[in-house]
There are 2 protein chains.
Amino acid sequence: VTADTPRRSEAAGDAARRPATAADPLLVLVQDEAALRAVATAPILRGLLVDATRPPTAEERTATVLLHGMAQFPETVKYIAQLPNLRLVQTMNAGFEWWIGHVPDGVSLSNARGAHGRAVAEWSVAMLLEHYRLLPYFAARQAERTWDRQVGRSLGGLRVAVIGAGDIGQHLRRMLLPFDAEVTLVDVRQGDSVISPDAFRDRQAEFDAISLAVPLMPATAKMVDAAFLARMKDGAVLVNGARGGLVDTDALMAACGSGRLTALLDVTDPEPLPSEHPLWTTPGVTITPHVAGVTEGMEDRARAVAVEQISMFARGETPSNVVLGPMAEGR
Amino acid sequence: VTADTPRRSEAAGDAARRPATAADPLLVLVQDEAALRAVATAPILRGLLVDATRPPTAEERTATVLLHGMAQFPETVKYIAQLPNLRLVQTMNAGFEWWIGHVPDGVSLSNARGAHGRAVAEWSVAMLLEHYRLLPYFAARQAERTWDRQVGRSLGGLRVAVIGAGDIGQHLRRMLLPFDAEVTLVDVRQGDSVISPDAFRDRQAEFDAISLAVPLMPATAKMVDAAFLARMKDGAVLVNGARGGLVDTDALMAACGSGRLTALLDVTDPEPLPSEHPLWTTPGVTITPHVAGVTEGMEDRARAVAVEQISMFARGETPSNVVLGPMAEGR
């Protein structure tokens, strides 16, 4: 272990080694051909395609890193429990709630933050514009062949709070500013134009729209409950492109069903939403099926972020996207 | 006539006079109470409420300026023909095609450019996002209570051409940039990131979306004809938030009906679109009823711009929004 790689030696424990080089690349377990190709773009990495439904081979058991693909979660959890040298699981998602409790001791998890933020923020703007500019109303009038000039509302002067000043929140602020919306970010970590959750709570009734952009964790589960909704002003809009579990669905149906609030949702609890669920037909609720981050090229962007994160680890650095495990705790 | 007001004396002809002051305000004919209140905010202006369906009084006949409200166009045209000292008609619209041929000799027309551009650009972004993020598709699935994760397209990397680098075009560029769209403005007047109509014609097949943001004038009428549409690439989107007369409706129905192109329209020819018109049900055509510039507060914004323009005239300057008449020709 060299003096200039203390974090890696600390993080990787037994597997501590010199930074990888093109001559001595880091072994990365991957689960599909596309990931193999993406890993091949980094000279200091060497990909190995594995089948998580089989026990690991001797070579696989030497690996310190696994790049998790877009599916096969239960098999992958069983598989990684059999990898004694594993130190890092790199995902292609932004959310990581499924992994909580499923990452072995000593293993860290890094997500694909940066790959999905722009698309999720874009979805939020799309939904706000669709709502305020009455596009569903006009679509219904087109179906009736009726020219009916209702007056919508522009985003100019709209007061928008975004809970979560991370990747999605920052993109959303940048996207909303040219529309002259007043954007306030809410986060426990302070920053430019960021207010604290307590300050937000005091000012909550000021906002025309509140957008959720935080991960689902024990501390955030059902943070939008009946009391939260009661503090929102009449006619306000809740936007959820994050996770369904952030919201108490029954409380939301009550607040929207009464006509007091509007909800623009990409995620629901439960999810997928069963056909018989009353949320589908609650007045004022618009639902898209968890596609906020899903646009053409999404997997390519996620793989690029994943390879960048693994490359940091290979160079002896801590990946900037670690969210769980010893490397996250050491930050 | 003082030496420092040559433009006014030139423009206003017989009515040339010293710049207006609070002690000697400029008389402005207005057609509704709201306009009267708006004019009252400028100390150098004095509003006079008139009824355009009656012959002008002696006092009205001395006026050099009329602020035209949102309606009563034919009556107003007849009325202004009876005002011998009139030099400026100030409108509250961005488009001015109705006025061509209806402004008396020696009278200039100034529009409300700046009041509507942001709202029209916002509508264009709303329609592009709705289209590319498949919101109508998901609305139809919600109506069926079906969770169906289709993959949409983000605006990232989308090549958008905006024909017209004026107020709307500049707002549209500013709004689209945070989405990472590649925006090219097209105008006869060159500028930063502005290409000429000839250069656009050569590159037209490169663009994913083409948005119209030019006034309707003899030179632009039916500029989007069968040949224009044929130069667009397969699957491209035409956005028209400007004027229906810019587009050959039959050619557009043919191009969209075949499935080759998509059209997002706020304006149509004819307009209002009659219930029996086949454009309503042409595949790939989305229609809103001339509401791109119509949002809450629109009339207030338009009146504020109008008062600002008339104030320039009152100070002996040329209003910056003149589009027709001697003051426009003298620029």
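These figures come from a predicted structure and were not determined experimentally. (Residues numbered from 1 in each chain as written. Chains lettered and ligands numbered in written order. Predicted model: local features only at pLDDT ≥ 70, side-chain atom pairs only at ≥ 80, totals over all residues. Heavy atoms only, no water.)

Student: I would appreciate a short explanation of the sheet that holds strand β5 (residues 108–110) of chain A in the present structure.
Tutor: Sheet strands line up and pair through hydrogen bonds in the backbone, either parallel or antiparallel. Residues and elements named next belong to chain A. The 6 strands lie next to each other as β2-β1-β3-β4-β5-β13, forming an open sheet whose pairing is mixed. With partners counted over all chains shown, the strands left at the sheet margins are β2 (45–49) and β13 (322–324), one partner each. Each adjacent strand pair in this sheet contributes to an overall mean axis angle of 30 degrees, direction not counted. (Pairing = 2+ DSSP bridges. Helix = DSSP H or I, 4+ residues; strand = E, 2+ residues; numbered from the N terminus. Axes fitted to C-alpha atoms, helices over the stretch in contact; angles between N-to-C directions.)

Student: Any chance you could explain the packing of aromatic side chains here in plain terms?
Tutor: Given two aromatic rings, one states the distance between the centres and the angle between the planes to describe the pair. Scanning the entire structure with this criterion turns up 10 aromatic pairs over all chains. Centroid distance A:W147 to B:W280: 6.3 Å. Interplanar angle 75 degrees. Geometry classified as edge-to-face. Residue A:W147 is found in the loop between α6 (135–143) and β6 (159–163), and its partner B:W280 is found in the loop between β11 (262–265) and β12 (285–287); the two belong to separate chains. B:W280 carries the same exposure label as A:W147, and that label is buried. Between B:Y137 and B:F138, the ring centres sit 5.7 Å apart and the planes meet at 80 degrees, which makes this aromatic pair edge-to-face. You can call B:Y137 partly exposed: its relative accessible area is 30%. In this structure, A:R141 is placed above the aromatic ring of A:Y137, and the distance from its NZ or CZ to the ring centre is 4.4 Å. (Phe/Tyr/Trp six-rings, centres within 6.5 Å; stacked < 30°, edge-to-face > 60°. Buried < 20%, exposed > 50% of the residue type's maximum accessible area, 1.4 Å probe, protein only. Lys NZ or Arg CZ within 6 Å of the ring centre and 35° of its normal.)

Student: Where do I start with helix α2 (residues 33–40) of chain B in this structure?
Tutor: Given 3.6 residues to a turn, an α-helix orients residues that are three or four positions apart in the same direction. Residues and elements named next belong to chain B. All of the buried residues in α2 are A35, A38 and V39. Down the axis of α2, the buried set is contained in an arc of 95 degrees. They therefore lie on one face. Exposed side chains of α2 directed beyond 90 degrees from the buried face belong to R37 and A40. Against the buried residues of α2 lie β1 (26–30), β2 (45–49), β3 (65–67) and α11 (298–314). One side-chain oxygen of the residue at the start of α2 lies 3.2 Å from the amide nitrogen of A34, identifying that residue as D32. (Arc of directions from axis to C-beta. Contact = heavy atoms within 4.5 Å. Polar contact = N/O pair within 3.5 Å; in protein donor to acceptor, adjacent residues only side chain to side chain.)

Student: How should I be thinking about the environment of A:V65 in this particular structure?
Tutor: Residues and elements named next belong to chain A. Among the structural elements, V65 can be located in strand β3 (residues 65–67). Taking the C-alpha atoms as reference, V65 lies 12 Å from V50; in sequence the two are 15 residues apart. In this view, V65 contacts L26, L27, V28, L29, L86, L88, I310 and F313; residues no more than four positions away in its chain are not counted.

Student: Whenever I open this one, the packing of helix α5 (residues 117–132) of chain A against helix α7 (residues 167–176) of chain A confuses me. Can you help?
Tutor: Geometrically, a packed helix pair is captured by the angle between its two axes and the distance between the axes. All names here are of chain A. Interhelical geometry of α5 versus α7 gives an angle of 45 degrees and a closest axis separation of 8 Å. On the basis of their axis angle, the class for α5 and α7 is oblique. Where α5 crosses over α7, the two elements pack in a sense that is right-handed. On α7, the residues touching G117, R118, V120, A121, E122, S124, V125 and L128 of α5 are D167, I168, H171, L172, R174, M175 and L176. Residues that form the contact of α5 with α7 fall into these classes: 8 nonpolar, 3 polar and 4 charged. (Parallel < 35°, antiparallel > 145°, perpendicular 65-115°, else oblique. Left-handed = near helix turned anticlockwise from the far one by under 90°. Nonpolar A, V, L, I, M, F, W, Y, C, P; charged D, E, K, R; others polar.)

Student: In this structure, what is going on with the pattern of salt bridges? I would like to understand it.
Tutor: A side chain with one charge can pair with a side chain of the opposite charge if their charged atoms come near. Residue and element names in this part refer to chain A. Scanning the model with the defined rule gives 32 salt bridges over all chains in all. D208 is paired through a salt bridge with R153; the nearest N and O atoms lie 3.7 Å apart. Of this pair, D208 sits in the loop between α8 (197–203) and β9 (209–212) while R153 sits in the loop between α6 and β6, and the two are 55 residues apart along the sequence. We classify D208 as buried; its relative accessible area is 7%. Assessed through its relative accessible area of 25%, R153 is described here as partly exposed. Ionic contacts of the salt-bridge type, sharing partners, join the residues R159, E182, R203 and E206 into one network. (Salt bridge = Lys/Arg side-chain N within 4 Å of Asp/Glu carboxyl O.)

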